[in-house]
Amino acid sequence: MVAGMTQSHPRISKAVIPAAGLGTRFLPATKATPKEMLPVVDKPAIQYVVEEAVSAGLDDVLMITGRNKRPLEDHFDRNYELESALQKKGDADRLAKVQESSDLATMHYVRQGDPKGLGHAVLCAAPHVGHEPFAVLLGDDLIDPRDPLLARMVEVQEQRGGSVIALMEVAPEQIHLYGCAAVEATEEGDLVKVTGLVEKPDAADAPSNYAIIGRYVLDPHIFDILRKTEPGRGGEIQLTDALQQLAADEKVGGPVHGVVFKGRRYDTGDRGDYLRAIVRLACEREDLGPDFRAWLRSYVAEEM
Ligand code: UTP
């Protein structure tokens, strides 16, 4: 057991992965393919996210999907035709790669219907989650596997109760792209108390430069709030608006804390960040890295 953990909070075992967004920033690639299925080196982005949930101890995964999202379900299911072809060839390495994603976790799916926003996507998880705290991992947000974040958030929730969000410091001119948190320091260096939240503020109105990134551990009271949350910015039901209500009244659902993340994170729904993720992860791969780095060095020397 984690030091300081109390028995009063149930252990978190469920992860919810919203992946029903339209992915318009990545058109035309996302016209018929979910953006979460775009490969980062040789694995779809979503597989990194499910692996992250599992390595934080959450192996019950509910994915929120929508139209065009069938490939997501197929990826985490068996593919007997492919498996038997690889078996016949005696290609054990590739067979293991095919089976890896279907053996990862217990997968569940629910369709969002209309993509009415992240808050609405999370609300679709209510019947599956029930009355326990649960994690939310955005399907297009990739946290480098060497910089664990979710396990720390789960630990904080188990010690302090309430909800925990992930924060990252960004430049003031970037804050309008994110939800933003007003915070107070705690006695732990990587942990702040969240006192307020605002979705995509102008730099002049932002209470801090702490941006909300795509990992959450939520108290189930969030569902009651989401049911009453009106569409906000962009006509969508915003998770940030519901979290703001949690942060404003500790009596409902406990406090909201923020873990300040300083590791590597990529928004794979953004084309520039997606390219950076591929280059970085490819450079660091044992099998591909040496050749790719050598090529990249000469490319940069010649072309840049
Ligand atoms: P984004 O803000 O990235 O929106 O959603 P999007 O529609 O996916 O992509 P763009 O901006 O049009 O390119 C953040 C996360 O919330 C999920 C998305 O799948 C993504 O993981 N989401 C968003 C839903 O599941 N449902 C929604 O209605 C909206």
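All chains use their own residue numbering, which begins from 1 and follows the written sequence. A pLDDT threshold of at least 70 governs which residues receive local features in this predicted model, and a stricter bar of 80 or more applies before side-chain atom pairs are shown or counted, although totals over entire chains, interfaces and linings include all residues. Think of the side-chain values as coming from all heavy atoms in the structure, minus any hydrogens and water.

Caption draft 1: Examining the site of the ligand more closely. A cutoff of 4 Å decides nearness: a residue is near a molecule or strand if any of its heavy atoms lies inside that distance of it. Contacts to the ligand come from 19 residues, most closely from Thr24, Arg25, Lys35, Gln112 and Gly117. In protein, a polar contact means a hydrogen-donor-capable atom and an acceptor-capable atom, both N or O and within 3.5 Å, with residues adjacent in sequence counting only if both atoms are side-chain atoms; elsewhere, any N or O pair within 3.5 Å suffices. With respect to the ligand, the backbone of Gly21 contributes an N or O atom lying 2.9 Å from an oxygen atom. Taking Asp140, its side chain carries an N or O atom lying 3.2 Å from an oxygen atom of the ligand. Only the protein chains shown count as covering a residue, and every accessible area follows the Shrake-Rupley method with a 1.4 Å probe. Protein coverage of the free-state accessible area of the ligand, which is 560 Å², stands at 83%. Tallied by class, residues from the shell around the ligand come to eight nonpolar, six polar and five charged. In this classification, Asp, Glu, Lys and Arg are treated as charged, Ala, Val, Leu, Ile, Met, Phe, Trp, Tyr, Cys and Pro as nonpolar, and every other residue, Gly included, as polar.

Caption draft 2: Local environment of the side chain of Asp273. Looking at the secondary structure, you find Asp273 in helix H10 (residues 271-283). Any residue under 20% of the maximum accessible area for its type is buried, any over 50% is exposed, and the rest in between are partly exposed; the area is computed with a 1.4 Å probe on protein chains only. Classification of Asp273 by relative accessible area gives buried; the value is 15%. Here, two residues are considered to be in contact whenever any of their heavy atoms come within 4.5 Å of each other. Other than its neighbours up to four places away in sequence, Asp273 contacts Arg265, Tyr266 and Asp267. Helix and strand assignments come from DSSP, with helices taken as H or I runs of at least 4 residues and strands as E runs of at least 2, each series counted from the N terminus.

Caption draft 3: Here's a closer look at the nonpolar core. We define a nonpolar core as any set of buried Ala, Val, Leu, Ile, Met, Phe, Trp, Tyr and Cys residues linked to one another through side-chain atoms lying within 4.5 Å. Judged by nonpolar contacts, the single largest core of 39 residues is most densely connected at Val50, Met63 and Leu150. With residues up to four places along the chain from it excluded, the contact list for Val50 reads Ile17, Val61, Met63, Phe76, Leu104, Ala105 and Met107. Membership of the second largest hydrophobic core comes to 36 residues, among which are Ala121, Ala126, Ile225 and Leu246.

Caption draft 4: Here's a closer look at the UniProt feature "domain: Nucleotidyl transferase" (unreviewed entry) in the protein. In the UniProt entry, the feature "domain: Nucleotidyl transferase" (unreviewed entry) is given for residues 14-279. Across residues 14-279 one finds 33% helix and 26% strand; the C-alpha atoms that close the span lie 32 Å apart. UniProt positions are given in the numbering used here, feature names are shortened, and annotations may be inferred rather than shown by experiment.

Caption draft 5: Here's a closer look at the side chain of His257. Inspection of the secondary structure assignment puts His257 in strand E12 (residues 256-260). Assessed through its relative accessible area of 5%, His257 is described here as buried. Those residues in contact with His257, other than ones at most four positions away along the chain, are Val156, Arg160, Ser163, Val164, Ile165, Thr186, Leu191, Val192, Lys193 and Val194.

Caption draft 6: Representation of helix H7 (residues 150-160) in the model. Within H7 the residues assigned to the buried category are Leu150, Arg152, Met153, Val154, Val156, Gln157 and Glu158. Those residues of H7 hidden inside the fold are in contact with helix H1 (45-55), strand E6 (134-137), strand E8 (163-169), strand E10 (191-199), strand E11 (210-218) and E12. Looking one or two places after H7, you find Gly161, whose phi comes out positive at around 70°.

Caption draft 7: Up close: unusual backbone geometry. Following Leu27, the chain continues to Pro28 via a peptide bond in cis, the omega torsion being 5°. Locating Pro28 in the fold gives a position in the loop between strand E1 (14-18) and strand E2 (39-40). Here the phi dihedral of Lys200 falls at roughly 45°; this positive angle occurs in a residue that is not glycine. Here Lys200 is to be found in the loop between E10 and E11.

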